[in-house]
Amino acid sequence: MYTLPPLQYSYDALGKYISKDIMELHHTKHHQTYVDKLNAVLDTTPELQDRSLESLLSNLDGLPEAVRTAIHNHGGGHYNHSLFWQWMSPDGGGEPTGQLATNIVEKYGSFQAFVDEFTTKSLGVFGSGWVWLQPDLSIVTTPNQDTPISHGLDSPLLGLDVWEHAYYLDYKNKRDDYVKAWWNVVNWDFVASRAKSPEQ
Ligand code: MN
């Protein structure tokens, strides 16, 4: 049985950029629903219950057709959101440091150029989806609750939820304002902890 992971900060901790109302609704309703529906589908498939979520999402084609879409959507939703909460912090924002900063500047020319490209891609997602920074520092997008590990890619270093449920209460239809605010809460320490060393 999957459970909703607690936030490492209070619902109002990001309030200047993302309101308590959004954080509480997003966590206790949207994410909880992905957890509940993932558990419901696994109830019907005991043979999958010992598999890790990563294993299920990395091998969607090998899953029974009857449950494949539900695991893709709700398993992906649980996986993506479990990371998303950790990618934000009331102590976040600013710029990365260390090897991650060096590697980003090497690839994009500057940290700001990276932010600009990530932002542009986030605004280019049609409808609901996510934007990801991958360990090779490429920026990719996925629709709905699709996740990079379902496409043979590594687990992302960083991701941004651009579903309207992530920002509508605060920013209405203005996704650009939400993305601009979000950079102020990015937990670069957590991002760096997920980065592989350059040798790998
Ligand atoms: Mn969401």
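Our structure is the block above this text.
Basis of the calculations
Residues numbered from 1 in each chain as written. Predicted model: local features only at pLDDT ≥ 70, side-chain atom pairs only at ≥ 80, totals over all residues. Heavy atoms only, no water. Donors = N, O, S within 2.8 Å, 3.2 Å for Na, K, Ca; no water. Helix = DSSP H or I, 4+ residues; strand = E, 2+ residues; numbered from the N terminus. Buried < 20%, exposed > 50% of the residue type's maximum accessible area, 1.4 Å probe, protein only. Arc of directions from axis to C-beta. Contact = heavy atoms within 4.5 Å. Core = buried A, V, L, I, M, F, W, Y, C linked by side-chain atoms within 4.5 Å. Domains from an automatic or database assignment.

Novice: Describe the coordination of the manganese ion, with residues and values.
Specialist: Within the protein, His 26 (NE2), His 81 (NE2), Asp 161 (OD) and His 165 (NE2) serve as the donor atoms for the manganese ion, at 1.9 to 2.1 Å. Between consecutive donors of the manganese ion, the numbers of intervening residues give the motif H-x54-H-x79-D-x3-H. Of the two residues, His 26 is situated in helix α1 (residues 20-43) and Asp 161 in strand β3 (residues 158-161); the sequence distance between them amounts to 135 residues. Across this residue pair, the class does not change: His 26 and Asp 161 are buried.

Novice: Could you give an account of helix α4 (residues 98-108), with specific residues and numbers?
Specialist: Burial in α4 covers these residues: Leu 100, Ala 101, Ile 104 and Tyr 108. Axial view of α4: buried residues confined to an arc of 100°, hence all on one face. Buried residues along α4 sit against α5 (111-124), β2 (139-143) and α8 (188-194).

Novice: Explain the nonpolar core to me, and be specific about the residues and the numbers.
Specialist: In this structure, Phe 114 and Trp 182 are the most contacted members of the largest nonpolar core, which totals 57 residues. With six residues, the top contributor of residues to this core is α1. Counting residues domain by domain, this core receives three or more from each of domain 1 (20-87) and domain 2 (98-196). Apart from the residues within four sequence positions on either side, Trp 182 is in contact with Ile 18, Phe 84, Met 88, Phe 118, Leu 158, Gly 159 and Leu 160.

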